[in-house]
Amino acid sequence: MYCLGIFRDVTEHKKMEEELKNKYEEIEKEKEETRLLAQNLEKFKLAVESASDHIVITDAEGIILYANKATEHITGYPIREIIGAKAGKPWGGLMDKDFYVKMWKVIKQDKKTFKGEIKNKRKNGQIYDAETSISPIFNKNGEVEFFVSIERDITTVKEIDRAKSEFVSLASHQLRTPLTAISWYLEEVFDEKTGKLNKQQKEYLNEVQNSSRRMIDLINNLLNLSRIELGTFAIMPRSTDLVELAEDAIKDVVLQARLKKIKIEKDYEEGLSKINLDPKLTAMVFQNLVSNAIKYTPENGEINIKIKKEGENALIVVKDTGYGIPKDAQSKIFTKFYRADNVRTQDPNGNGLGLYIVKAIVEKSKGKIWFESEEDKSLPAGRHGTTFFVSLPLGKAESK
Ligand code: ADP
C-alpha cells in the first residue's frame, strides 16, 4: 500500500511538472506573439506617420484622436492644435453646406466611404485643393467607432490642369478665326460666285470643305472642353422648344441620311410646352446624339427620335439600328477622347469629345443621360443598335 502511495505521488508530481512546462511554453509563445504584434504595430505606426498623405483618425463624433505628420505639413497646424479638434474645423468649412451634409450622410448614416474633391485652408490662409476619402471603422457590433480620413494635396496637379485648359482655350480661339475665314471663302468659290468650276475642281473643293468643317467641329469641341474644365461653362436658360431643336438637328443630317439610305422616324408627344433650358447647349445635345446615330448606323438602317413628357421631366430618346457599343466600352464612352474600337474602322472622323460635352451639359441642366446598347452583329436588324435617353427637368435649370 505504502509503495503504491509513493508511486501515485511520483506520477502526479510528473503530471504537474508536465502541465507547468506546457503552461510555461504557452506563456512564452504568447509573449513572442505579443512582441511580434508590437513590432508590427510599430512598423504600421511608422508607415502611417511618414505617409505623404494626410491621415486623420477621429471618434464617431468626428473629434480628432490621431493625425500623422503629413497633416501638420499640409494644413500648417501643429499636431497639438489638431488633436481634440473637430475634424476639418481648423482647415475646412470652405465648401457649401450641401457638401458637408452629403459627406456626413454617406459616412454616418449609409456607413460607406465618402470620396470627393475638397477645398481647404492652410493655417497661413492659403487655399488648397485636396482629394479626400473618409471611411467609417466599425466595432464588433457593427457600430461606427472611428472614422479614418485620408487626404492628398492636389493643388499643383490642379494648377497644371488649369494651365493646360487655358492653353487649349487660347489655341482654339486663335485657330477658329482663320478657319472661319477659310470656310467662308470656300463657300463663295464653291457656290460659283467667283466663276464656273469644273467637276474635278468641285470634287477637290468638296474635300477641302469637309476637312475644314471637321477642323471647326474639333476646335469648337476643344473650346467647350476647356470651358467645362475651367468652370466657365455658362448656362443661360430661357423658354426652349425641344421639338424645334430636334428638327434643327435632323436638318443637319438629312443629306448624310439620304446618302446612307437611313430612315428617320420621329415621334413627338403632342402639346409639349416649351421648357426652361439653355437652347444653344440643348441644341448641342440633339446635334451630337442625332449625328452619332447616323454616323454609327450602316446603310439601310433606321433611327428614331422621340420626345415625351415623363412626370416632371422631358424625356428625349434617340434610337438607332447601328453598330452598337461593345460591352467593354460601355463604361468609357462618356470619357473625353474615348472612341470604341468597333467604330474607329467604320468612321475614322471622330474625336471622342461629343458625349463628354453632352454629359456635362445634361448634368449642368440637372438632367440625366444613359443608354442601352447591343453590339452583336449576328442579331437581325432592329435587334442591335443603341438607344440614348436624356431626361431633363421641366423648368428647373439655373443660370450659372
Ligand atoms: P465621336 O463620335 O467623335 O467618336 P462621341 O463622344 O460622340 O465621340 O462618342 C464617343 C464614342 O461612343 C464613339 O466613338 C462611339 O464609340 C460611341 N458611340 C456614341 N454614340 C454611338 C452610337 N449611336 N452607336 C454606337 N456607338 C456610339
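Structure: see above.
Residues numbered from 1 in each chain as written. Predicted model: local features only at pLDDT ≥ 70, side-chain atom pairs only at ≥ 80, totals over all residues. Heavy atoms only, no water.

Undergrad: Outline the pairing of strand S5 (residues 144-153), supporting the account with residue identities and numerical values.
TA: Pairing geometry for strand S1 (residues 54-59) and S5, over six bridges, is antiparallel. Bridging from a neighbouring strand, Val56 pairs with Ser149 of S5. Sheet topology note: the strand S4 (residues 127-138)/S5 ladder contains nine bridges and is antiparallel. By the bridge assignment for S5, Ile134 is matched with Ser149. A loop of five residues connects S4 with S5, the two strands running antiparallel in sequence, and Gly142 in this loop sits at a positive phi of about 80 degrees. (Pairing = 2+ DSSP bridges. Helix = DSSP H or I, 4+ residues; strand = E, 2+ residues; numbered from the N terminus.)

Undergrad: Now, about the packing of aromatic side chains: what can you tell me, with residues and values included?
TA: Any pair of aromatic rings gets described here by the distance separating the centres and the angle formed by the planes. Going through the model one piece at a time under the given rule, you end up with eight aromatic pairs. On the numbers, 6.3 Å between centres and 50 degrees between planes, the contact of Tyr77 with Trp91 is tilted. Of this pair, Tyr77 sits in the loop between helix H2 (69-75) and helix H3 (79-82) while Trp91 sits in the loop between H3 and helix H4 (97-109), placing them 14 residues apart in sequence. Assessed through its relative accessible area of 15%, Tyr77 is described here as buried. On the basis of relative accessibility, which here comes to 3%, the residue Trp91 falls in the buried class. (Phe/Tyr/Trp six-rings, centres within 6.5 Å; stacked < 30°, edge-to-face > 60°. Buried < 20%, exposed > 50% of the residue type's maximum accessible area, 1.4 Å probe, protein only.)

Undergrad: Please provide a residue-by-residue account of the sheet that holds strand S3 (residues 114-121), values included.
TA: Reading across the sheet, the five strands line up as S2-S1-S5-S4-S3 and stay open at both edges, with antiparallel pairing between neighbours. In this open sheet, the two edge strands, each paired with only one partner strand, are strand S2 (64-67) and S3. In this sheet, adjacent strand axes meet at a mean angle of 25 degrees when their direction is disregarded. Two strands pair when backbone bridges link them, and S3 and S4 are joined in this way by eight bridges, in the antiparallel orientation. Bridged to Lys115 within S4 is Ser133. (Axes fitted to C-alpha atoms, helices over the stretch in contact; angles between N-to-C directions.)

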